[in-house]
Amino acid sequence: MNRNPRVYVAGHRGMVGGAIVRRLQAVSNAEIVTRSHAELDLTDQHAVRRFFAENKLDEVYLAAAKVGGIHANNTYPADFIYQNLMIEANVIHEAWRAGVHKLLFLGSSCIYPRLAPQPMVENVLLTGSLEPTNEPYAIAKIAGIKLCESYNRQYGTDYRSVMPTNLYGPGDNYHPENSHVVPALIRRFVEARKANAERVVVWGTGVPMREFLHVDDMASASVHVMNMDKSRYDEIVTSTSSHVNIGVGEDISIAELARLIAHHARYSGCIEFDSSKPDGAPRKLLSIDKLRGSGWEPAVSLSVGIAETIASFEAAEVR
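Residues numbered from 1 in each chain as written. Predicted model: local features only at pLDDT ≥ 70, side-chain atom pairs only at ≥ 80, totals over all residues. Heavy atoms only, no water.

Draft legend 1. Region of interest: unusual backbone geometry. Between Gln 118 and Pro 119 the backbone carries a cis peptide bond, its omega angle lying at -10°. By the secondary structure assignment, Pro 119 is in the loop between β4 (102-106) and α5 (135-155). The backbone phi angle of Arg 266 is positive, close to 65°, even though this residue is not glycine. (Helix = DSSP H or I, 4+ residues; strand = E, 2+ residues; numbered from the N terminus.)

In structure tokens:
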């Protein structure tokens, strides 16, 4: 009973899992357990079962997922729904089989209806149609929430779900086609500055509004929610929402975001918008009233976070 808790962070090599590991190392005495994809394929039920049987785990942070931007979601819908469903089902079920009582599942703000009232409160889940460009991914994430909710109802586990807004920061994926909007734009503007390019073309009209959260703030919120007394967590979720939003409570247009990134990337050329490319949902702003009411606040401003992320990207390029 006196040993340090053994905490498994699934997806520790990704941006989200890496940030959670850093946060746990900074604020806890947990013994952190990790496995790379080469060591443990989370879509393989038998391998996941062996892993949980062989390791005496106290808590699980389920941050492993197949993720990507609009292009990737549109191009690989089968991969997105299959891999995420398998990861969630295997980890949650095998955690329960092995007697792991506490688990935190990380979802995504894309779970909400495309035209949900803004800001989106937790109980608008399943009240309307999803954004078509990422519907398979969203359905998988909704399934993860319902898995946690169902195991809690049937088996009395303490499996919690948090829904972060759009994330950015150290460890992001800068793939030229399959990345999210912030890393994609960072790479594009940095490369354009170095090439003395006259213009940078941004997908879409620039009109949609998006909310962006630094990944270190996401990690601090995740650990905050995991460590909350169960009675307090139960108070802030209701019978109509078994999850909690994580965000900053304010948004910015894609056009404004592009100008902000261009500024910090020291790019002074022309920015053009390609309206033939999809915009996605018109607006995705989360209500974070429940999380704020529990005593958590974001700490990293978008401007500071973007500047630091560009600096880390350029430093990695030099190495």
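What follows picks up the thread again.
Draft legend 2. Broad picture of the sheet that holds strand β1 (residues 6-10). On the basis of which strands lie adjacent, the open sheet formed by six strands has the order β2-β1-β3-β4-β5-β10 and parallel pairing. Strand pairing shows two members of the sheet lacking a second neighbour, β2 (31-33) and β10 (243-246), which therefore form its edges. If you compare each strand with its neighbour and ignore which way they point, the axes differ by 20° on average. Judged from the four bridges that link them, strand β5 (residues 158-164) and β10 form a sheet pairing that is parallel. Looking at the pairing, Met 163 lines up with Asn 245 of β10. Where helix α1 (residues 15-27) meets the sheet, its contacts fall on β1, β2, β3 (59-62) and β4, and the angle it forms with β1 comes to roughly 155°. Each of β3, β4, β5 and β10 is contacted by helix α7 (residues 215-227), which is oriented at about 145° to β4, the strand it contacts most. (Pairing = 2+ DSSP bridges. Axes fitted to C-alpha atoms, helices over the stretch in contact; angles between N-to-C directions. Contact = heavy atoms within 4.5 Å.)

Draft legend 3. Geometry of the side chain of Ser 220. Following the sequence through the fold, Ser 220 ends up in helix α7. Those residues in contact with Ser 220 that lie beyond four places of it in its chain are Arg 23 and Trp 296.

Draft legend 4. Highlighting the pattern of salt bridges. Counting across every chain of the model gives 16 salt bridges. A salt bridge links Arg 114 to Glu 131, with the shortest nitrogen-to-oxygen separation between them at 2.6 Å. With Arg 114 in the loop between β4 and α5 and Glu 131 in the loop between β4 and α5, the pair connects residues that are 17 residues apart, well separated along the chain. Residue Glu 131 is classed as buried on the basis of its relative accessible area of 8%. Arg 160 serves as the salt-bridge partner of Asp 158, at 2.9 Å between the closest nitrogen and oxygen. Taken together, the shared-partner salt bridges connect Arg 49, Glu 94 and Arg 97 into one network. (Salt bridge = Lys/Arg side-chain N within 4 Å of Asp/Glu carboxyl O. Buried < 20%, exposed > 50% of the residue type's maximum accessible area, 1.4 Å probe, protein only.)

Draft legend 5. Seen up close, helix α6 (residues 181-195). With 15 residues, α6 extends 21 Å from end C-alpha to end C-alpha; this agrees with the ideal 21 Å at 1.5 Å per step. For α6, the set of buried residues is Val 182, Pro 183, Ala 184, Leu 185, Ile 186, Phe 189, Val 190, Ala 192 and Arg 193. (Expected span 1.5 Å × (residues − 1).)

Draft legend 6. Looking closely at the pairing of β1. Within β1, five of the five residues are buried, leaving the element largely enclosed by the surrounding structure. With three bridges connecting them, β1 and β2 associate as parallel partners. The partner of Tyr 8 across the bridge, within β2, is Val 33. Taken together, β1, α1 and β2 form a β-α-β motif whose crossover is right-handed. Bridge analysis of β1 against β3 gives four bridges, and the strand direction is parallel. Along β3, the bridge assignment pairs Val 7 with Glu 59. (Right-handed = clockwise from strand over helix to strand, strands pointing away.)

Draft legend 7. Spatial organisation of the nonpolar core. If you look at the biggest cluster of nonpolar residues, it comprises 39 residues, and the most contacted ones within it are Tyr 8, Leu 42, Phe 52, Leu 62, Val 91, Leu 103 and Tyr 159. Counting residues per element, the ones that place at least two in this core are β1, α2 (45-54), β3, α4 (77-97), β4, α5 and β5. Here the element with the most residues in this core is α5; it accounts for six residues. In this view, Tyr 159 contacts Ile 92, Ala 95, Trp 96, Val 100, His 101, Lys 102, Leu 103, Cys 148, Tyr 151 and Asn 152; residues no more than four positions away in its chain are not counted. (Core = buried A, V, L, I, M, F, W, Y, C linked by side-chain atoms within 4.5 Å.)

Draft legend 8. Region of interest: the sheet that holds strand β8 (residues 209-210). Strand order in the open sheet made by the three strands is β11-β8-β13, with mixed pairing throughout. With partners counted over all chains shown, the strands left at the sheet margins are β11 (252-253) and β13 (283-284), one partner each. Where β8 lies against β13, two bridges are found, and the strand directions are parallel. Bridged to Arg 210 within β13 is Lys 284.

Draft legend 9. Spotlight on the state of the cysteines. Throughout the structure, instances matching the rule amount to zero disulfides. Just so you know, Cys 148 is unpaired, no disulfide at all, and the nearest cysteine sulfur is the one on Cys 110, 16 Å from it. Taking the relative accessible area as the measure of exposure, Cys 148 reaches 1% and is therefore buried. (Disulfide = S-S within 2.5 Å.)

Draft legend 10. Representation of the packing of α4 against α5 within the structure. Interhelical geometry of α4 versus α5 gives an angle of 15° and a closest axis separation of 8 Å. In terms of their interaxial angle, α4 and α5 are classed as roughly parallel. Relative to α5, the crossing made by α4 is right-handed. Note on element contacts: α5 touches α4 through Pro 136, Tyr 137, Ile 139, Ala 140, Lys 141, Ala 143, Gly 144, Leu 147, Cys 148, Tyr 151 and Tyr 155, opposite Pro 77, Phe 80, Ile 81, Asn 84, Leu 85, Glu 88, Ala 89, Ile 92, His 93 and Trp 96. Of the residues assigned to the contact of α4 with α5, the class counts are 16 nonpolar, three polar and two charged. (Parallel < 35°, antiparallel > 145°, perpendicular 65-115°, else oblique. Left-handed = near helix turned anticlockwise from the far one by under 90°. Nonpolar A, V, L, I, M, F, W, Y, C, P; charged D, E, K, R; others polar.)

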